[in-house]
Amino acid sequence: MTTKTKKILIGSIIVFGILGYLAYSGMQDSMVYYLNVGEFLNDEQKYKNEGVRISGKVVDGSVVRDSNGMRIQFEIMDEKDKNKKIKVDYSGIIPDIFKPDITVVVEGKLIENHVFKATVLLAKCPSKYQEKNEKGTTEKN
Amino acid sequence: MIDIGFYSFIVSIILAVYIVISSFLGSKKESFLYIETARRSFYVICFFITVSSFVLLHALVTRNFQVEYIANYTSRTLPMFYTVAAFWAGQEGSLLFWTWLLAIGGAVVAWNTRHEFTKKRYIPYTYAIIAITDIFFLILMIFATNPFKLLNFMPPDGAGLNPLLQNPGMTWHPPTLFLGYAAYTFPFAYAAGALLSGELDNSWIKDIRRWNIFAWFFLTIGIVLGGEWAYEVLGWGGYWAWDPVENSSFIPWLSASALLHSVMMQERRGMMKIWNMILAMITFNLCIFGTFITRTGFISSVHSFGQSKLGPFFIIFMLFVLIGFMILVIWRKNKLKSENEIESFLSKESMFLFATIILVCICFATLWGTAFPLVSELIKGIKITVGQEFFNRVTIPQFLLLFTFMGICPLIAWRKASKLNLQKNFIIPVILFIITAVVLFIFKIYLIYAVLAFSLCVFVLSVITTEFYRGTIAYASATGKNYFSSFFAIIKKNKRRYGGYIVHIGIVLIFFGVTGSSAFVTEKEVPLKPGMSEALGHYVLRYDDLTYENTPHKEIVAAKISVFKDGKPYKILYPEKNFYRNREQPATEVAIMSTITHDLYVILGGYERDKSASFKFLINPLVIWMWIGTIVVSIGCIIALWPDKKYAAA
């Protein structure tokens, strides 16, 4: 091995080592489980003190807005099993498209009394700014 | 009438298949006739896809709701401007739009190569590759997602366009992005053509030069417009959230930027030949990937992939491109040997190499983070997402490194830089870098990344200024012209080089804006009653009143916010919520006051009957520099793309 290739090798090991470390630590600190309501409730203990993302459908009639419009409480249910529900408490800007019966994604932690304290509330899949499902024909192409 | 649109696809796909067969046969038999008919077929395809596009446009304009696409994306009350823009609002239409751009590009290639295809052996193969891409998109529209699909009844009205999309930013964002995506077909096609023909000198690299800059230009504009739309319309206070859809446009941009630089290594020094090939392919494949993610929502879950009809088509095509291309590269590897080696660490070559490697690293880190939910679901059976923290932590140091190379590169010599050369060139920029850092520390800015970022901005700008200064002085003393005309003369004489520097200035300005607005945001969420005030930075914001207004399209609820600066009335802002007539959901309209140093950003969160309301106030520093930077980037690109006189005459 020539000194030049050695130099290049050592240099790239250092650089990729640092990058690898950054990537690894970044993942460790920002990784969250992405579950649906059913998956979460099946293994509630496991996720108790972990940050998780849960997707579910907003239960009709469960939405309670605080008087100043910044805090909201509602329930989300599993899309397949309507009996599986979680209470959610969220403070912050509420997305425009939020309303009963749409799919939302909440990120946060389960706190006492089975209330999920959400710090992030995303309405529907933000990647598809597509219109509501007209007669069930197009949404999932 | 509508059927014409669909039958045009059939004609086009037959022609595209003909091009593939005929160009291969023509190359093999060295038959002029075969290749010439293939070449001319591009004009015919372009004609027929244009016919299809006009059929869809006509149906949009005449509001023919029997066409499912039109019923899904427009309505009677939708303004005409947005009705036309609905062309690219949905999946079917945007794929047609892509195909249209591809067909136009194919015709442009056919025209550009009209005298050349007998001289350059790779041209017929390039035709075949373009035609294969045509075939892919036509198959999608013919078999999976036909934009001309009719409903078996005539609905009285359409569903309308999502109000979030009824915004100028969203109108121009998709077409510019698609233009960038589609244009990257051509560098790829030339690369694959060169591999197939075995004619692997620098000729193909020269042919893709313009396509490369052109595509990169539109990709850049497309991404920025998307960010601007998020900032003004989505109304959460920022412009970039490392969302899969955003990432999917940024990922090809990164590999495209790498390609843009590494081709220069091949032109100047005959190096990085395999690297250029692979970058051209990866960029094209990532553009397809970007189209795929945006149009199918694939990344949200493996399950959505199963439900999407398009998924398998895209996956097969991307694998075909990847594997087929790599086989060609391996087959031709003996002809792709580098003519030179890097002689010294301190040389332009190594700076270029490092810069492209970093761009590719950022590209793959972003891709990794974006695709991680899928990877984890496939491997562990459970979906795990990575947050913004991951992207920031991995990409920020790399961007800082990239900017360091961006600063060094212009002033360092090819082959091997001498110590004297380094001392002479870098003394002033380095001093300016240090001064900036010290000044920022004195002003108590201790965020190390931000300090480095701002200081690097100064460093890079001073290097580029030095380049312009020296070029001007040298030209002036050689020709005896004054400095002013010399300055323009050097740009005119070497458009690509100085255009490139201007692009760099623009990128620095964008970086400046991004740093300011991501590191120093001040925000507050407050409930207020009319008459109450809230202080934020130098401002006091007083909530005066809530007003209601009815228009035929919508009801507007607006809050009046009086802004006071240093105790004096400064400006009045009206953040709104709009309720469109045939919509259940409101649309938030944020109020933004832009100044040269910061944006004051006000969101009306909610309100009650008694007019008590909640607000989110943000001060986003330096945001305007991102938009200014983008304009500078555009100017640079246009200069780099501007034809030389001799070309224009030919």
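Residues numbered from 1 in each chain as written. Chains lettered and ligands numbered in written order. Predicted model: local features only at pLDDT ≥ 70, side-chain atom pairs only at ≥ 80, totals over all residues. Heavy atoms only, no water.

Caption draft 1: Region of interest: the overall build of chain A. Within chain A, the secondary structure is distributed over 2 helices and 7 strands. Counting from the amino terminus, chain A carries its helices and strands in the arrangement α-β-α-β-β-β-β-β-β. Across chain A, contacts joining residues at least 24 apart in sequence account for 44% of those joining residues at least 6 apart. Element-wise, carbon and sulfur atoms account for 55% of the exposed surface of chain A, whose accessible area totals about 8,000 Å². (Helix = DSSP H or I, 4+ residues; strand = E, 2+ residues; numbered from the N terminus. Contact = heavy atoms within 4.5 Å. Areas by Shrake-Rupley, 256 points an atom, 1.4 Å probe, with all protein chains shown as cover.)

Caption draft 2: Just the overall build of chain B, in detail. The helix and strand inventory of chain B stands at 21 helices and 11 strands. Dimensions of chain B along its principal axes, counting C-alpha atoms only, are 85 × 75 × 60 Å. Within the span of chain B, comprising 650 residues, buried residues form 61% of the whole. Here the analysis covers contacts within chain B between residues at least 6 apart in sequence; of these, 72% occur between residues at least 24 apart. Accessible surface, chain B: about 27,100 Å² in total, of which carbon and sulfur atoms supply 67%. Of the charged side chains in chain B, 55 are positive and 38 negative, and the gap between their average positions amounts to 10 Å. (Buried < 20%, exposed > 50% of the residue type's maximum accessible area, 1.4 Å probe, protein only. Lys, Arg positive; Asp, Glu negative; His and termini not counted. Charge placed at Lys NZ, Arg CZ, Asp CG, Glu CD.)

Caption draft 3: Focus on helix α16 (residues 419-442) of chain B. Residues and elements named next belong to chain B. Here α16 spans 33 Å end to end across 24 residues, near enough to the 34 Å set by a 1.5 Å rise per residue. Along its length, α16 shows its largest kink, about 50°, at Phe426, and proline Pro429 lies within four residues downstream of that point. Residues of α16 that are buried in the fold lie against α15 (388-408) and α17 (448-479). Once α16 ends, the next one or two residues include Lys444, with phi positive near 65°. (Expected span 1.5 Å × (residues − 1). Bend = angle between axes of the 7 residues up to and from the residue.)

Caption draft 4: Geometry of the nonpolar core. Ranked by internal contacts, the top residues of the largest apolar core, which has 227 residues, are Phe74, Ile76 and Phe116 of chain A together with Trp216 and Met277 of chain B. With 18 residues, helix α9 (residues 203-234) of chain B is the single largest residue contributor to this core. Once residues lying within four places of it in the same chain are set aside, the contact partners of Met277 of chain B are Ala191, Ala194, Leu195, Leu200, Trp204, Phe325, Val329 and Leu336 of chain B. Judged by nonpolar contacts, the second largest core, of 21 residues, contains Tyr539, Val557, Val563 and Ala591 of chain B. (Core = buried A, V, L, I, M, F, W, Y, C linked by side-chain atoms within 4.5 Å.)

Caption draft 5: Fine view of the sheet that holds strand β10 (residues 598-607) of chain B. Residues and elements named next belong to chain B. Spatial ordering of the open sheet is given by β2-β11-β10-β9, a layout of 4 strands whose pairing is antiparallel. Across the chains shown, the open sheet's two edge strands, defined by having one partner strand only, are β2 (522-528) and β9 (591-594). Neighbour-to-neighbour, the strand axes of this sheet turn through a mean angle of 15°, independent of strand direction. When β2 meets strand β11 (residues 613-621), the two strands line up antiparallel, connected through 7 bridges. If you follow Lys524 over to β11, its bridge partner there is Phe617. (Pairing = 2+ DSSP bridges. Axes fitted to C-alpha atoms, helices over the stretch in contact; angles between N-to-C directions.)

Caption draft 6: The pairing of strand β4 (residues 539-550) of chain B, seen in detail. Residue and element names in this part refer to chain B. In terms of strand pairing, strand β3 (residues 533-536) meets β4 through 4 bridges, oriented antiparallel. Looking across to β4, one finds that Glu534 is bridged to Leu541. Hairpin connection from β3 to β4: 2 residues lie between these consecutive antiparallel strands, with Gly537 at a positive phi of about 60°. As defined by bridge partners, β4 adjoins strand β5 (residues 554-565) across 11 bridges and the pair is classed as antiparallel. Looking at β5, one finds that Thr547 is bridged to Ala558.

Caption draft 7: Region of interest: the pattern of salt bridges. Residue and element names in this part refer to chain B. Using the criterion set out here, one finds 22 salt bridges over all chains in the structure. A salt bridge links Arg40 to Glu36, with the nearest nitrogen and oxygen atoms 2.6 Å apart. Highlighted residues: Arg40 and Glu36, both in helix α2 (residues 32-61), separated by 4 residues, approximately one helical turn. The residue Glu534 makes a salt bridge to Lys524 at a minimum N-O spacing of 3.1 Å. Pair noted here: Glu534 is in strand β3 and Lys524 is in strand β2, with a separation of 10 residues, a long-range link. Among the residues examined, Glu534 registers a relative accessible area of 18% and is labelled buried. Given a relative accessible area of 31%, Lys524 falls into the partly exposed group. (Salt bridge = Lys/Arg side-chain N within 4 Å of Asp/Glu carboxyl O.)

Caption draft 8: Looking closely at the packing of aromatic side chains. All names here are of chain B. Evaluation of the coordinates by the stated rule reveals 65 aromatic pairs over all chains. On the numbers, 6.4 Å between centres and 80° between planes, the contact of Phe97 with Trp100 is edge-to-face. Placement of the pair is Phe97 and Trp100 together in helix α5 (residues 91-112), with a separation of 3 residues, close to one helical turn. By the burial criterion, Phe97 is buried, and Trp100 matches it. Ring geometry for Phe214 versus Phe218: centroids 4.8 Å apart, planes at 55°, classification tilted. Residue Phe214 and its partner Phe218 are located together in helix α9, separated by 4 residues, close to a single helical turn. (Phe/Tyr/Trp six-rings, centres within 6.5 Å; stacked < 30°, edge-to-face > 60°.)

Caption draft 9: Structural context of the state of the cysteines. Residues and elements named next belong to chain B. With the rule as written, the count across this model stands at 0 disulfides over all chains. Unpaired in this structure, Cys363 has its nearest cysteine sulfur neighbour in Cys361, at a distance of 9.5 Å. Summary of cysteine pairing: Cys457 is not part of a disulfide, and the nearest cysteine sulfur, belonging to Cys409, is at 17 Å. (Disulfide = S-S within 2.5 Å.)

Caption draft 10: Up close: the domain arrangement of chain A. Domain boundaries in chain A define domain 1 (1-31) and domain 2 (32-126). Here domain 1 of chain A and domain 2 of chain A have C-alpha centroids that lie 39 Å from each other. (Domains from an automatic or database assignment.)

Caption draft 11: Geometry of a nonpolar patch on the surface. Residues and elements named next belong to chain B. Together, Ile427, Ile428, Val430, Ile431, Leu432, Ile434, Ile435, Val438, Val439, Ile442 and Phe443 line one region of the surface with nonpolar side chains, adding up to about 1,000 Å² of accessible area. Secondary-structure assignment places Ile428 in helix α16. When its relative accessible area of 57% is taken as the criterion, Ile428 is described as exposed. (Patch = residues over 30% accessible without salt bridge, like charges linked within 9 Å, V, L, I, M, F, W, Y side chains within 5 Å.)

Caption draft 12: Structural context of α2 of chain B. Relative to the 44 Å expected for 30 residues at 1.5 Å per residue, α2 of chain B spans 44 Å between its end C-alpha atoms, a close match to the ideal helical length. Taken from the residues just after α2 of chain B, Arg63 of chain B is the one with a positive phi, measuring 50°.

Caption draft 13: Quick peek at the environment of Pro174 of chain B. Within the fold, Pro174 of chain B resides in helix α7 (residues 168-183). By relative accessible area, Pro174 of chain B is classed as buried at 13%.

Caption draft 14: Seen up close, the side chain of Ser634 of chain B. Here Ser634 of chain B lies in helix α20 (residues 624-641). Those residues within four positions of Ser634 of chain B in sequence are excluded, and the remaining contacts are Phe217 and Ile221 of chain B.

Caption draft 15: Unusual backbone geometry, seen in detail. Residue and element names in this part refer to chain B. Even without being a glycine, Glu30 presents a positive backbone phi close to 50°. Within the fold, Glu30 resides in the loop between α1 (2-29) and α2. Although it is not a glycine, Arg63 adopts a positive phi angle of roughly 50°. Its location among the elements puts Arg63 in the loop between α2 and α3 (68-73).

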